[in-house]
Amino acid sequence: MAKKNKATRTSSEKGGTAQVATVAQTQPQPAARSGGDERRVIIRAIALKKSYMQKEVETQALRGVNVEIYTGEFISVMGPSGSGKSTFFNMIGALDSPTSGRVFIDEVDVAQLTAVELAFLRCRKIGYIFQSYNLIQYMTALENVTTPMAFAGVGPDEARVRGMSLLEIVGLKERWFHRPIEMSGGQQQRVAIARSMANNPSILLCDEPTANLDLHTGREILTILQRLNRERGVTIICATHDHRMLDICDRLMWIRDGQIERIARRDEVHIEVGAIDDEEH
Amino acid sequence: MKVIDIQQQPTMGFSRTLSITIIGIRYRLFRSLVTVVVIAVAVAFLMNIVGESLIRKSVLENSADRLRELRHAAVWAARLSVPGTAEDIILNLGKAEPDSPLYQESQVLAGFDPGEMQAVHEQVCRAAEYLTFFGELDYGRRRRMVAGAEGSDIFRSLRETGRMERFEDALAGMKSVRFPGTIEQFRDFVGQWPEIEGRVQRIREGRRQAIRQVREVLDGRPVVDALTDATGQFGQAVRAAGFRLGEDEAGAVAREARRMVDVRILEDSVNKPAIRKALSSRLDVLPADVTVQTLWDFVGSRENAEWYLAKMREGELDTAGLTVERTVELAGVDAEFASLVRAEHLGGDLSGGFLGVGERMTWLMLVSMLVCVVGIANAMLMSVTERFREIATLKCLGALDGSIMLMFVLEAALLGVVGGVMGAVGGVLIALGRMIGSFGSLMFGATPAGDLTAAAIAATVVGVVLAAVAAVYPSFKAARLAPMEAMRIE
């Protein structure tokens, strides 16, 4: 959806920010979730809206999303194309600014951050994995992995050692000198995962990581993600069409027409798989 | 405890930025080469124009000096033979500074006191300006202004009744004509003309007297022959007659007069039937085709000169002590003279404009600058816009806006250095090649190496700065966008 639209920032953006400021004041401090869940909220979206102006026609990509995501959680976001999944991702990943509403990452309002603080956030606290990998074409696998470290001010020698160990985790240690063009899609995505983990982020945002891959490689990628979640306690938010995701995630979230249709725990969903099937074309 | 503690992102070090940039340039070698070539071509164009102008200017300055030297004796021979017309006196004296020999000479020959001479000089300068103005007018316009009058007759004719009014009407009707000074000044000038003409005639009369005096000393000898003795008795006589012949000048004049005499001996000899026939059979051309130029081309080598002098002696011609070396030398000077005259013609307009390279060249330079700017800006704009996705990705990885801009500006500057140096060197080489084509051997010794080096450095800097500046704007725009917005633009 987002790719189809040439975004034009609307004048409502400023108004939105002002409106949001009042929301922040009235917003209560994060409370433990009902049901005795004591985990911390790491991402909180409040009344998130995003619209694009296209030839004077306003398209609403998000129509007010409220969600809380907890530390160490593996959450899958599902929904048909054009449902606003990617837009939602860009908002909570601090990659784009909402038209109105607020995003808190660990109780910090993203809208209040300066460009330098945003860079810090993207560099060390959030890892991004894209459907089309987005590796830097002119860099080798190792250089791709160490670039975020360079931005974080890690010395070249240390970056090299850390980069090699990350490549080892994704099973590409032997191919560190290959450029993206010399690697298969699965290998590229594994490099992208290693890169996203470069500075030990707390959050991993994956936008359809397996969509361009065949079944087997998709399974490999998911296994790696699962391991990162289990072993390192990384919060993973993963947009997907992939059914296999159901087996490994803690919670599922459905987005339709820019709104959250439903959020459910995995054990609640298992029996309804047939119904989900219908939604995916 | 907070999981996320947000701080300020540090700025990436310069060397890391540079190494990332270089990796990028190496990977996109072909793309980078295209950009380099664009920059090189633009800089070469600029450099070529500047280089050619500099070389041309320097060669022409050199050759103008040398020509003046070679014509020295001829100028003096003319000065000692004819007093010149009133117009000649006005135009020459109009160009002369008050401390020049010509000014002082005129004062002495006409017998003016210094104050009077100053007044005369002012009037003559005025007159020279007006003469130049009328001289440069086309015939139709001049006819409408002053009927058929020419030269200094114009001033006389304008004093007749009704003529001045007619002139003013005609001038008012010609908007594009720029008249020197005001009409009132000109009217005054025309009013004073008889007086001015009288003074000019006095200078002319003084010259005639002096020439008569010199002629008595000559006693029938040709002036040029006598001028070979410019440093000796004849020089004294010339000075005694009132001409200003300096000591240094006398030496040069004597040398050149000597050459002219020798040249005349050789050139006269070609007209002797026996010599002409011998030369024509030796060169296998018709006797009628043997010209003075044939002779000079022929005696350029020692062997030929020897043969020719032998033929002259055979024909019982006076070789007047001409040696083989002298003959070869004269042939060399003749060739040099020919190329100097050719260079003088090639000079065209060599006044005004930037760096004194002439108005036309200045325009060409401005246009080439424009081509340079457009070419480089376009190349950089393209290479930045086609990498929006990369910029967005780098931002996702935590790159600061400044680091991204630095990467692009560095890349542009590096390409600019390579392209600039290539272009500057190429431009100079092309300029040298072309100038050797037009000026030939005159180029050697007259090439302004220092100026060319300075211009090459300046052109390189222009290339680097333009490339960097052209990269600043698009990369600034791209770097400031939110990452996803940058990705969407693609």
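Residues numbered from 1 in each chain as written. Chains lettered and ligands numbered in written order. Predicted model: local features only at pLDDT ≥ 70, side-chain atom pairs only at ≥ 80, totals over all residues. Heavy atoms only, no water.

Right, let's get into the overall build of chain B. In terms of helices and strands, chain B carries 22 helices and zero strands. A buried classification covers 47% of the 490 residues belonging to chain B. For chain B, the proportion of contacts with a sequence separation of at least 24, taken over those separated by at least 6, is 75%. In the structure as shown, chain B presents an accessible area of about 24100 Å², 59% of it carried by carbon and sulfur atoms. (Helix = DSSP H or I, 4+ residues; strand = E, 2+ residues; numbered from the N terminus. Buried < 20%, exposed > 50% of the residue type's maximum accessible area, 1.4 Å probe, protein only. Contact = heavy atoms within 4.5 Å. Areas by Shrake-Rupley, 256 points an atom, 1.4 Å probe, with all protein chains shown as cover.)

Let's shift gears to helix α3 (residues 115–125) of chain A. A large share of α3(A) lies buried, amounting to nine of its eleven residues. Taken residue by residue, α3(A) has A:Glu117, A:Leu118, A:Ala119, A:Phe120, A:Leu121, A:Arg122, A:Cys123, A:Arg124 and A:Lys125 as its buried positions.

As a further point, take the interface of chain B and chain A. You'll often see interface size given as the accessible area lost when the parts meet. Opposite the 36 residues of chain B that make contact, chain A presents 50 residues. Note on chain B versus chain A: buried area summed over both sides is about 3900 Å², and carbon and sulfur give 63% of it. The interface formed by chain B and chain A holds zero salt bridges in total. The set of elements that each furnish at least two residues to the side of chain B that touches chain A consists of α1 (14–27), α19 (388–396) and α22 (483–489) of chain B. (Buried area = accessible area lost by both parts, 1.4 Å probe. Salt bridge = Lys/Arg side-chain N within 4 Å of Asp/Glu carboxyl O.)

The next subject is the pairing of strand β1 (residues 41–54) of chain A. Residues and elements named next belong to chain A. Counting buried residues in β1 gives ten out of 14 residues, a clear majority hidden from the surface. In terms of strand pairing, β1 meets strand β2 (residues 57–70) through eleven bridges, oriented antiparallel. Each bridged residue has a counterpart across the sheet, and for alanine 45 the counterpart in β2 is valine 67. Following β1, the chain reverses through two residues before pairing antiparallel with β2; lysine 55 in that reversal takes a positive phi of roughly 50°. For β1 and strand β4 (residues 100–105), the ladder comprises five bridges, and the chain directions are antiparallel. (Pairing = 2+ DSSP bridges.)

Below, the discussion takes up the packing of aromatic side chains. We describe a pair of aromatic rings using the distance from one ring centre to the other and the angle between the two ring planes. Residues and elements named next belong to chain B. The final tally for this structure, using the stated rule, is 21 aromatic pairs over all chains. The interplanar angle of 70° and the centroid separation of 5.1 Å between the aromatic rings of phenylalanine 133 and phenylalanine 134 together place this pair among those described as edge-to-face. When sorted by exposure, phenylalanine 133 lands in the same class as phenylalanine 134, which is buried. Ring centres of phenylalanine 133 and phenylalanine 179 lie 4.9 Å apart, and the angle between their planes is 85°; on these two criteria the pair is classed as edge-to-face. You can see phenylalanine 133 sitting in helix α6 (residues 114–136) and its partner phenylalanine 179 sitting in the loop between α9 (163–173) and α10 (183–218), a full 46 residues away along the chain. On the accessibility criterion, phenylalanine 133 (9% relative accessible area) is buried. With a relative accessible area of 13%, phenylalanine 179 lands in the buried category. (Phe/Tyr/Trp six-rings, centres within 6.5 Å; stacked < 30°, edge-to-face > 60°.)

This part covers the pattern of salt bridges. Residue and element names in this part refer to chain B. Within this structure, the stated rule accounts for 39 salt bridges over all chains. The salt bridge involving arginine 202 is made with glutamate 116; its shortest N-O contact spans 3.6 Å. Residue arginine 202 is found in helix α10, and its partner glutamate 116 is found in helix α6; the two are separated by 86 residues along the sequence.

Right, let's talk about the packing of helix α2 (residues 29–70) of chain B against helix α21 (residues 449–480) of chain B for a bit. Residue and element names in this part refer to chain B. It is at 10 Å that the axes of α2 and α21 come closest, and there the two elements cross at 155°. By the angle between their directions, the pair α2 and α21 is classed as roughly antiparallel. In this structure, α2 meets α21 at a crossing whose hand is right-handed. Contacts between α2 and α21 involve Ile39, Val43, Leu46, Met47, Val50, Gly51, Leu54 and Ile55 from the former and Asp451, Leu452, Ala455, Ala456, Ala459, Thr460, Val462, Gly463 and Ala467 from the latter. Class assignment for the residues of the contact of α2 with α21 results in 13 nonpolar, three polar and one charged. (Axes fitted to C-alpha atoms, helices over the stretch in contact; angles between N-to-C directions. Parallel < 35°, antiparallel > 145°, perpendicular 65-115°, else oblique. Left-handed = near helix turned anticlockwise from the far one by under 90°. Nonpolar A, V, L, I, M, F, W, Y, C, P; charged D, E, K, R; others polar.)

Let us now look at the sheet that holds β2(A). Judged by pairing direction, the sheet is antiparallel, and its four strands sit side by side in the order β2-β1-β4-β5 (chain A) without closing on themselves. The open sheet terminates on both sides in strands that have one partner only, identified here as β2 and β5 (108–109) of chain A.

Grouped together as the largest cluster of nonpolar side chains are 64 residues, with contacts concentrated most on A:Phe74, A:Leu167, A:Val191, A:Ile193, A:Leu204, A:Leu225 and A:Ile236. In terms of residue count, the dominant contributor to this core is helix α4 (residues 141–152) of chain A (seven residues). Ignoring sequence-local partners within four residues, the contact set of A:Ile236 consists of A:Glu73, A:Phe74, A:Ile75, A:Leu204, A:Cys206, A:Leu225 and A:Asn229. In this structure, B:Ala73, B:Ala230, B:Ile275 and B:Leu309 belong to the second largest nonpolar core, which totals 44 residues. (Core = buried A, V, L, I, M, F, W, Y, C linked by side-chain atoms within 4.5 Å.)

It is worth spelling out the side chain of A:Ser83 at this point. Residues and elements named next belong to chain A. Structurally, the position occupied by serine 83 is in the loop between β3 (74–78) and α2 (85–92). For serine 83, a relative accessible area of 2% translates into the label buried. Ignoring sequence-local partners within four residues, the contact set of serine 83 consists of Ala61, Ile255, Arg256, Asp257 and Gly258.

Before going further, it helps to examine the confidence of the model for chain A. Across chain A, the average pLDDT comes to 81, with 82% of residues at or above 70. This stretch, residues 1–37 of chain A, has a pLDDT under 50; its non-local contacts, to residues over four places away or in other chains, come to 42 contacts. (pLDDT = per-residue confidence, 0-100.)

Attention now moves to the sheet that holds strand β8 (residues 235–239) of chain A. The strands making up a sheet associate through backbone hydrogen bonding, with each pair oriented either parallel or antiparallel. Residue and element names in this part refer to chain A. The sheet built from six strands is open, its strands ordered β6-β7-β8-β3-β9-β10 with mixed pairing. The open sheet has two free edges, formed respectively by β6 (126–129) and β10 (259–265), since each of these has just one partner strand. Sheet twist, expressed as the average angle between the axes of neighbouring strands with direction ignored, equals 15°. Summarising the sheet, strand β7 (residues 203–207) and β8 pair through five bridges and their orientation is parallel. Along β8, the bridge assignment pairs isoleucine 203 with threonine 235. With respect to the sheet, α3 is in contact with β6 and β7, its orientation differing from that of β6 by roughly 70°.

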